[in-house]
Structures are given as C-alpha cells and as structure tokens.
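Below, each chain spelled out in residue letters.
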Amino acid sequence: MRRVVLIVTLAVAACAATPAERIQARQDLMRSNKAALIELGKITSGEAPWNAEAAQRFAVTVINNAVRIPALTEKGTGPESGRTRARPEIWTDPDNFERAAWNIEDQARGILALARVGDEAGVRARLTRLEKDCDGCHSRFMFPEFPR
Ligand code: HEC
C-alpha cells in the first residue's frame, strides 16, 4: 500500500514541479511538520487542552508529509538548483535517508493509533520519540545553516 501511494506521489511531483519548486515545497513541508509538532506539544503538555481529534489531525499531517519526502528530494534538488540545507548524503546514502523518512511515518502512525483511543500520555511519550527521529535525520542529512 505504501509503495502504491509513493509511486502516485512521485508521478504527481515529477510532472508538477521544477527542482527549484521542489526545494521550496520540501521546506514548506518541513515547516508544516514543525507546526504540527508544536501543536501536539501544546495539547500534550497542558499548555492547551488535550484534544484527541486534533492529535489525530496533526499525526496525519506528519504521515502525509513523510510519504512525500522522497519525491521532494530527488536527484537534482540539491544546491545546484536553489538555496537549500540539504546535505549531499541524501544522494550518496539514499537507503538511510528513506529509512529516516519511514521512521517518522511509523512514529506518526503510532501517535495516530494512540490518539484514536484517547491515550494522551501515550501520545506524549511517542511525540518525544518522533522529535528524536526528526533530529536524527537532520543531524545526518541537513546542514545546520544555509550556505552563504
Ligand atoms: C528523512 C529526513 C528528514 C526527516 C525525517 C525530517 N526532516 Fe526536516 N529537514 C530535512 C532536510 C533535508 C531539510 C533541509 C531542506 C532544505 O533546506 O532544502 C529539513 C528542514 C527542516 C526544517 C527547516 C525548513 C526551512 O524553513 O527551511 C524544519 C523546521 C524541519 N526540517 C522540521 C522537521 C520536523 C519537525 C520533522 C519531524 C516531524 C522533520 N523535519 C523530519 C530532512 C528531514
């Protein structure tokens, strides 16, 4: 199932965007990940009221984003095509890069399942693991700063 979704996503992305547009879409996607995690953090820390439906929505955002990462990091979407913090390891170590994308998909699917049964503490614990997996990919595949 995941493979089917991925192929469809790749086909759509391949005809819809130039490399520069894909870099932009990738950075937008990552900002949407960040926004989803901030909201999840609020509703699981007491800063905002716990809301199981909202938690499911944020989890689905991260799942959908994770599935799109490979199509938005195709060859040619590096610094040769625009302003990006993408590291060359994305293209020299693609298996580990894809695995890192699957890791956050798995964590977000776990959050979705926990949110469906209303397990706030479970979502909170899983969110911590999700954040580690975001950082794990960044430390390996993203430069801390934009190149000058
Ligand atoms: C598979 C690897 C990978 C995973 C997993 C990943 N990221 Fe990223 N992220 C990147 C890369 C690569 C960039 C740099 C994109 C660029 O500059 O073109 C990036 C950039 C970002 C940025 C900066 C976007 C900007 O404004 O330029 C944010 C914020 C971000 N990621 C948040 C997240 C969050 C939150 C998660 C977890 C839910 C996450 N990322 C998961 C690879 C990943």
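Our structure's up above, just so we're on the same page.
So, here's what we can say about the structure. Each chain has its residues counted from 1, following the order in which its sequence is written. Only residues with pLDDT of at least 70 get local features here, since the model is predicted, and only at 80 or more are side-chain atom pairs given and counted; chain-wide, interface and lining totals rely on the full set of residues. Side-chain measures here rest on the full set of heavy atoms in the structure, leaving out hydrogens and waters.

1. Comments concerning the overall build of the chain
Helix and strand labels come from DSSP, where a helix needs a run of H or I of at least four residues and a strand needs a run of E of at least two; each type is numbered from the N terminus. Broken down by element type, the chain carries six helices and zero strands. From first element to last, N terminus to C terminus, the chain shows the α and β order α-α-α-α-α-α. Only protein chains enter the accessibility calculation, which uses a 1.4 Å probe; a residue whose area is less than 20% of its type maximum is buried, one above 50% is exposed, and one in between is partly exposed. Among the 148 residues that make up the chain, the fraction classed as buried is 35%. Contacts between residues were defined by any pair of non-hydrogen atoms, one from each residue, lying within 4.5 Å. A sequence separation of at least 24 residues applies to 78% of the contacts in the chain between residues at least 6 apart. In this description, accessible areas are obtained by the Shrake-Rupley approach with a 1.4 Å probe, and a residue is regarded as covered only by the protein chains that are shown. With an accessible surface of roughly 8600 Å², the chain has 56% of that area assigned to carbon and sulfur atoms.

2. Digging into the coordination of the iron atom of the ligand
Expected angles at a metal are 109.5 degrees for tetrahedral coordination by four donors and either 90 or 180 degrees for octahedral coordination by six donors. Coordination of the iron atom of the ligand by the protein comes from Met-30 (SD) and His-138 (NE2), over a distance range of 2.0 to 2.4 Å. One can describe the donor arrangement at the iron atom of the ligand as octahedral, given that its six donor atoms subtend angles of 87 to 179 degrees at the metal. With Met-30 in helix H2 (residues 19-45) and His-138 in helix H6 (residues 120-141), the pair connects residues that are 108 residues apart, well separated along the chain. Under the relative-accessibility criterion, Met-30 is labelled partly exposed at 31%. Listed donors are limited to N, O and S atoms within 2.8 Å of the metal, widened to 3.2 Å for Na, K and Ca; water is not among them, so incomplete-looking sites are possible. A four-donor site is classed as tetrahedral when every donor-metal-donor angle falls between 85 and 135 degrees; four donors are called square planar, and six octahedral, when trans pairs exceed 155 degrees and all remaining angles lie between 65 and 115, with any other arrangement labelled irregular.

3. Looking at the site of the ligand
Any residue with a non-hydrogen atom lying within 4 Å of a molecule or strand is treated as near it. Around the ligand lies a shell of 21 residues, among which Met-30, Arg-31, Cys-134, Cys-137 and His-138 are the nearest. Any pair of N or O atoms that falls within 3.5 Å is considered a polar contact. Within protein, one atom must be able to donate a hydrogen and the other to accept it, and sequence-neighbouring residues count only if both atoms are side-chain atoms. Arg-26 is positioned with one of its side-chain polar atoms (N or O) 3.0 Å from an oxygen atom of the ligand. One of the side-chain N or O atoms of Arg-31 is found 2.4 Å from an oxygen atom in the ligand. Here a cavity is any set of points on a 1 Å grid over the protein atoms alone where a 1.4 Å probe fits but cannot get out, and a pocket is any open set with protein on both sides within 12 Å along at least 5 of 7 lines; a residue lines the site when it has an atom within 4 Å of a point. Molecules are considered to sit inside a cavity or pocket once more than half of their atoms lie within 2 Å of its grid points. Judged by its atoms lying within 2 Å of the grid points, the ligand is housed in the largest pocket. Taken together, the elements giving at least two residues each to the shell around the ligand come down to H2, helix H5 (94-116) and H6. No other element matches H2, which puts seven residues into the shell around the ligand. Considered class by class, the residues forming the shell around the ligand number 13 nonpolar, four polar and four charged. Any residue outside Ala, Val, Leu, Ile, Met, Phe, Trp, Tyr, Cys, Pro, Asp, Glu, Lys and Arg is labelled polar, Gly included; the first ten of those are nonpolar and the last four are charged.

4. A short note on the packing of H5 against H6
Here an axis means a line fitted to C-alpha atoms, over the contact stretch when the element is a helix, while the angle between two N-to-C directions is reported on a 0 to 180 degree scale. As a packed pair, H5 and H6 sit with axes 9 Å apart at the nearest point and diverge in direction by 170 degrees. Comparing their axes, H6 and H5 come out roughly antiparallel. Every pair of crossing elements has a handedness; the one defined by H5 and H6 is left-handed. On the side of H5, the interface is formed by Asn-96, Phe-97, Ala-100, Asn-103, Ile-104, Asp-106, Gln-107, Gly-110, Ile-111, Leu-114 and Ala-115, while H6 contributes Gly-122, Val-123, Arg-126, Leu-127, Arg-129, Leu-130, Asp-133, Cys-134, Cys-137, Arg-140 and Phe-141. Each residue belonging to the contact of H5 with H6 can be placed in one class, and the counts come to twelve nonpolar, five polar and five charged. With respect to orientation, any angle under 35 degrees is reported as roughly parallel, any angle over 145 as roughly antiparallel, any angle of 65 to 115 as roughly perpendicular, and every other angle as oblique. Crossing chirality is assigned from the near helix's rotation relative to the far helix, an anticlockwise turn below a right angle marking it left-handed and a clockwise turn marking it right-handed.

5. Observations concerning H5
An α-helix turns once every 3.6 residues. As a result, residues three or four positions apart point the same way. Expected helix span is computed as 1.5 Å times (number of residues minus one). Here H5 contains 23 residues, and its C-alpha end-to-end distance of 33 Å stays within 8% of the 33 Å for a straight helix at 1.5 Å per residue. Looking only at H5, the buried set comprises Phe-97, Ala-100, Ala-101, Ile-104, Glu-105, Gln-107, Ala-108, Gly-110, Ile-111, Leu-112 and Ala-115.

6. As for the packing of H2 against helix H3 (residues 52-72)
Close contact between H2 and H3 brings their axes to 9 Å; oriented N to C, the two are set at 155 degrees. With respect to their mutual orientation, H2 and H3 come out roughly antiparallel. By crossing handedness, the relation of H2 to H3 is classed as left-handed. For the pair H2 and H3, the contacting residues are Arg-22, Ala-25, Arg-26, Leu-29, Met-30, Ser-32, Asn-33, Ala-36, Leu-37, Glu-39, Leu-40 and Ile-43 in the first and Ala-54, Ala-55, Phe-58, Thr-61, Val-62, Asn-65, Arg-68, Ile-69, Ala-71 and Leu-72 in the second. Per-class residue counts for the contact of H2 with H3 are 14 nonpolar, four polar and four charged.

7. Quick word on the packing of aromatic side chains
Aromatic contacts are taken between Phe, Tyr and Trp rings whose centres are within 6.5 Å, Trp giving its six-membered ring; a plane angle under 30 degrees counts as stacked, one over 60 as edge-to-face, and the others as tilted. Applying the stated criterion to the full structure yields one aromatic pair. Seen from their ring centres, Phe-97 and Phe-141 are 5.1 Å apart, and the 80 degrees between their planes marks the pair as edge-to-face. With a gap of 44 residues between them, Phe-97 in helix H5 and Phe-141 in helix H6 connect regions that are remote in the sequence. You can call Phe-141 buried: its relative accessible area is 4%. Two conditions define a charge sitting above a ring: the NZ of Lys or the CZ of Arg must be within 6 Å of the ring centre, and it must be within 35 degrees of the ring normal. Directly above the aromatic system of Phe-58 lies the positively charged group of Arg-57, at a separation of 5.9 Å from the ring centroid.

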